[in-house]
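So you can see what is in the structure, the chains are spelled out below.
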Amino acid sequence: MYMSQLYSPTLRETPADAEIVSHKLMLRAGLMRRSAAGVYAFLPLGLRVIRKVEQIIREEMNAIGGQEVLLPIVQPAELWEESGRWADYGDEMFRLRDRQGRQFCLGPTHEEIITALVRSEVRSYRQMPLRLYQIQNKYRDEMRPRFGLMRGREFIMKDMYSFDSDNEGLDESYWAAYKAYARIFARCGVEAHPVEADSGAIGGDVTHEFMVLADSGEDLVLFCPQCEYAANVERAEGVRIPRGGDEQPHLGELAKVATPGARTIEQISEFLNVKPEDCIKTLLYVADGQVIAALVRGDHNINEIKLRKLLGCETLELADDETIFKATGAPVGFAGPVALSLPLYADYAIEHMVNAVVGANELDQHMVNANLDRDFKVKEFADLREVQPGDLCPRCEGRLEGARGIEVGQVFKLGTKYSEAMGATFLDENGKEKPVIMGCYGIGVGRTAAAVIEKNHDEDGIIWPVSVAPYHVIVVPVSMKDEAQAKASQNLYEELKAAGVEVVLDDRNERPGVKFKDADLIGFPIRVTIGAKSLEQGAMEIIIRRTKEKLVVPIEDVASTVKNLLKDGEIR
RNA sequence: CGGGGCGUGGCGCAGUUUGGCUAGCGCGCCUGCCUUGGGAGCAGGAGGCCGGAGGUUCAAAUCCUCUCGCCCCGACCA
């Protein structure tokens, strides 16, 4: 490809609406352009990167017996009504009507479609395992699209769905996908760490997310430096510490104290000169219409996912001011468990608290020396808090550390949620009808490309790993007007192309600085510079983008040297 | 959806508080000369219904009302 013809409009300045480095660089390097909030057009270089990521995924999916299909983006509402998700998905689903008024959505994911596809054809255990995957655009009307490809409303995703006749089969499918994911991300040039995760709205029990650690990541990951444990904060387990032995703590006398205007734990602990961990946070929730109270230690945050699971409720939201006033007799900020006639659910950490500070259910009043059982009774203890860095590891003696992560993939064991709801059944060896056991395995293609940039760039631009680079090599003559240079670079270009190297010739009549800056910005792994000085000595310069290392190589050896550098899919 | 901010040539911005405009600046773009090892220089030039609609005024980028779009923070999620 000739640079003079390549449509890759680079920008000297960063567009003001880009925040994180991958987004900035994708715009500046001319890989893509914004079309609407969370919707992007890919330009030639960006598309080449996307295609390369897809191809790596494709190869690894095929290697574990995956068969590629292409599924509809426009999906009929009826299928979603069968699974119950037409109602559940809410505003996040792009919905539309055809001219007859029939309802459709733009597929945010494809469980319904694939289950419908399989249920009419798969009738026997003999037809399984079956692993189907697709790579295509999906749509979610995110409340807040951001960070370029990290969180778009239109995004490219690979999803594989597995169908098995028993749990052992599902297990095999799951771990096959898990291992394939490790290979995929490694080939793309990023380290992705599998962490235990919450399964969210998709359903299912066992699930791992693959996280690329980066400060720009939207997820918080907790991991143990001493063992293998790693989990998303949504999932990370709090440790229940057994209550101490015989030692009888001194229980102070329950007393009301005035705390004018102190509504937050911070204000209260400051006002009363106690530590936040000596306070109890009393949070009122409305769960399926029922008001309940959840107690966590003052320095802890509640994890609503855990609370929701404990209650087994459909809807869960923080109570509004009016509800709180009705239930406690006080405005927000003064709720406490003492004499509160609501079901109380408490985090394990509450079990250990002695002489705690709590709200008095009265304006500008708190209580000190509140004690479990004596002053209030808890309906149920559970792991309800959001785990924090520094907390104990649930698997060993270690202390957890925190890091931010970009979720590039997730694997789920779905079980029979969709097959039961939608009637995807088969006959087993004994002629007994059973629901198919499913798994699903997603990778965000654009997000992976963005993560690659987050982890592979410097102040000059992108540093593509060879495996996903839009082109491998750019040949840059210092001056196109110098005939010797023009000819030598054209020759090298032809030679590399004939050898199967993906190469661009920067034939523009630009000053060298401009060409070098563009080459660095776009991030070609290798640049060959052809200038008058080295040509006279019968040599060219090979520059490694990542290291800035410069090799001066005799002209006749340049092509073979480049090929050698590229051999292993990564430059060493 | 709550909070904050921004819409002025392709990109980055000034001008808005205190109406006076023939709307500026840098980069990019076009033509010519010159130059060619890290975003050169000189000369000339093109390009803007100041997001949109109403209103106030002799006069609106600037003031008022409504609206659309975009970004950031938060709740949600891949």
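Residues numbered from 1 in each chain as written. Chains lettered and ligands numbered in written order. Predicted model: local features only at pLDDT ≥ 70, side-chain atom pairs only at ≥ 80, totals over all residues.

**Let's talk about the protein's contact with RNA strand B**
Going by this rule: What makes a residue near a molecule or strand is its C-beta atom, placed from the backbone, lying within 6 Å of it. Every helix listed is a DSSP run of H or I at least four residues long, and every strand listed is a run of E at least two residues long, numbered separately from the N terminus. In the scheme used here, Gly and all other residues not listed as nonpolar or charged are polar, with Ala, Val, Leu, Ile, Met, Phe, Trp, Tyr, Cys and Pro taken as nonpolar and Asp, Glu, Lys and Arg as charged.
Around RNA strand B there are 50 residues in total, and Ala16, Ala37, Gly513, Phe516 and Gly531 lie nearest to it. Listed by contribution, the elements that provide at least two residues to the surface near RNA strand B are β23 (401–415), β26 (437–444), α13 (512–522) and α14 (532–536). In terms of residues, the surface near RNA strand B owes the most to one element, α13, which gives 8 residues. A class-by-class count of the residues in the surface near RNA strand B yields 16 nonpolar, 12 polar and 22 charged.

**Considerations on the sheet that holds strand β13 (residues 255–258)**
Through backbone hydrogen bonds, the strands of a sheet pair up, either in parallel or in antiparallel fashion. Let me state the cut-off plainly: For two strands to count as paired, DSSP must find a minimum of two bridges between them. Axis lines are fitted through C-alpha atoms, for helices just across the contact stretch, and the angle between N-to-C directions can take any value from 0 to 180 degrees.
Reading across the sheet, the 3 strands line up as β13-β20-β19 and stay open at both edges, with antiparallel pairing between neighbours. Since the sheet does not close on itself, it has two edges, and those belong to β13 and β19 (356–362), each with one partner. Across the sheet, the axes of successive neighbouring strands diverge by a mean angle of 35 degrees, strand direction being ignored. Direction of pairing for β13 relative to strand β20 (residues 365–370): antiparallel, over a ladder of 4 bridges. Bridging across to β20, Ala258 finds its partner in Gln365.

**Description of the sheet that holds strand β17 (residues 316–318)**
Put simply, the rule reads: Contact definition: two residues whose C-beta atoms, as placed from backbone geometry, lie within 7 Å.
Taken in spatial order, the 5 strands make up an open sheet running β17-β14-β15-β18-β21, and their pairing is mixed. Pairing within the sheet leaves two strands with one partner each, and these edge strands are β17 and β21 (380–382). On average, each strand axis in the sheet is tilted by 30 degrees relative to the strand beside it, whichever way the strands run. Strand direction decides the pairing type here: strand β15 (residues 290–297) and strand β18 (residues 344–347), joined by 3 bridges, are parallel. Considered in β18, the bridge of Leu295 is made with Ala346. Most of the contacts of helix α8 (residues 304–311) go to β17, to which it runs at about 130 degrees, and overall it touches β14 (280–287), β15, β17, β18 and β21. Against the sheet, helix α9 (residues 321–328) contacts β14 and β15, and its axis sits at roughly 110 degrees relative to β14.

**Let's talk about unusual backbone geometry**
Residues Met128 and Pro129 are joined by a peptide bond in cis, for which omega reads 5 degrees. With respect to the helices and strands, Pro129 occurs in the loop between α5 (111–119) and β7 (130–139). The backbone of Asn369 sits at a positive phi, close to 65 degrees, despite the residue not being glycine. Structurally, the position occupied by Asn369 is in strand β20.

**Brief notes about the pairing of β26**
What counts is decided by this rule: A residue is called partly exposed when the number of other C-beta atoms within 10 Å of its own lies between 12 and 20, exposed at 12 or fewer, and buried at 20 or more, with C-beta atoms placed from the backbone.
With 8 of 8 residues buried, β26 is to be regarded as a mostly interior element. Burial of β26 is two-sided: the residues Ile437, Gly439, Tyr441 and Ile443 facing one way and the residues Met438, Cys440, Gly442 and Gly444 facing the other way are all buried. Alignment of strand β8 (residues 154–164) against β26, held across 8 bridges, turns out to be antiparallel. Counterpart to Met160 in the pairing with β26 is Tyr441.

**A look at the nonpolar core**
Quick reminder of the rule: By definition, a nonpolar core groups buried Ala, Val, Leu, Ile, Met, Phe, Trp, Tyr and Cys residues that connect through C-beta atoms lying within 7 Å of each other. Where each domain starts and ends follows an automatic or database-derived domain assignment.
The biggest cluster of nonpolar side chains holds 109 residues, and the ones touching the most others in it are Val53, Ala449, Val473, Val475, Val528 and Val562. Top element by residues in this core is helix α6 (residues 167–188). It accounts for 9 residues. Shared between two domains, this core holds at least three residues of each, these being domain 1 (21–236 + 402–453) and domain 3 (471–566). The residues touching Val562, leaving out its near neighbours within four places in the chain, are Val473, Leu496, Val501, Ile526, Val528 and Ile542. Judged by nonpolar contacts, the second largest core, of 34 residues, contains Ala293, Met353, Val357 and Val368.

**Things to note about the packing of helix α12 (residues 483–498) against helix α15 (residues 555–566)**
The criterion, for reference: A clockwise turn of the near helix away from the far one marks a right-handed crossing, whereas an anticlockwise turn of less than a right angle marks a left-handed crossing.
Contact geometry of α12 with α15 gives a least axis separation of 10 Å together with a crossing angle of 35 degrees. Viewed along their axes, α12 and α15 form a crossing whose handedness is right-handed. Taking contact as the criterion, the partners of Ala488, Leu492, Glu495 and Leu496 in α12 are, on α15, Ile555, Val558, Ala559 and Val562. By residue class, the composition of the contact of α12 with α15 is 7 nonpolar, no polar and 1 charged.

**Describing the domain arrangement of chain A**
When its domains are assigned, chain A resolves into domain 1 (21–236 + 402–453), domain 2 (255–386) and domain 3 (471–566). Computed from C-alpha atoms alone, the centre-to-centre distance between domain 1 and domain 3 is 40 Å.

**Some points on the environment of Cys224**
Here Cys224 lies in the loop between β11 (219–223) and β12 (230–232). Overall, Cys224 belongs to the partly exposed group, with 19 C-beta atoms counted inside 10 Å. Ignoring anything within four residues of it in the chain, the contact list for Cys224 reads Tyr229, Cys393, Arg395, Cys396, Gly398 and Leu400.

**Topic: the confidence of the model for chain A**
Test applied: Residue-level confidence of the predictor, termed pLDDT, takes values from 0 up to 100.
For chain A, mean pLDDT is 93; residues scoring 70 or higher make up 99% of the total. The complex prediction reports pTM at 0.94, with the ipTM value standing at 0.94.

**A look at the packing of helix α2 (residues 44–63) against α6**
Let me state the cut-off plainly: Note on angle classes: values under 35 degrees are labelled roughly parallel, values over 145 roughly antiparallel, values of 65 to 115 roughly perpendicular, and the remainder oblique.
Interaxial distance between α2 and α6 falls to 10 Å at its minimum, and their mutual angle equals 150 degrees. On the basis of the axis angle, α2 is roughly antiparallel to α6. In this structure, α2 crosses over α6, and the sense of that crossing is right-handed. Residues Val53, Ile56, Ile57, Glu60, Met61 and Ala63 of α2 lie in contact with α6, whose contacting residues are Ala180, Arg183, Ile184, Arg187 and Cys188. Classifying every residue of the contact of α2 with α6 by side-chain character gives 8 nonpolar, no polar and 3 charged.

**As for the environment of Tyr229**
Within the secondary structure, Tyr229 is located in the loop between β11 and β12. Sequence spacing of Tyr229 and Met367 is 138 residues, and the spatial spacing of their C-alpha atoms is 39 Å. Those residues within four positions of Tyr229 in sequence are excluded, and the remaining contacts are Phe223, Cys224, Cys393, Pro394 and Arg395.

**A short note on the environment of Thr282**
For Thr282, the position within the fold is in strand β14. Sequence separation between Thr282 and Thr315 is 33 residues; the distance between their C-alpha atoms is 19 Å. Once you skip the residues sitting within four places of it in the chain, Thr282 turns out to touch Ala293, Leu295, Ala335, Gly336, Pro337, Val358 and Gly359.

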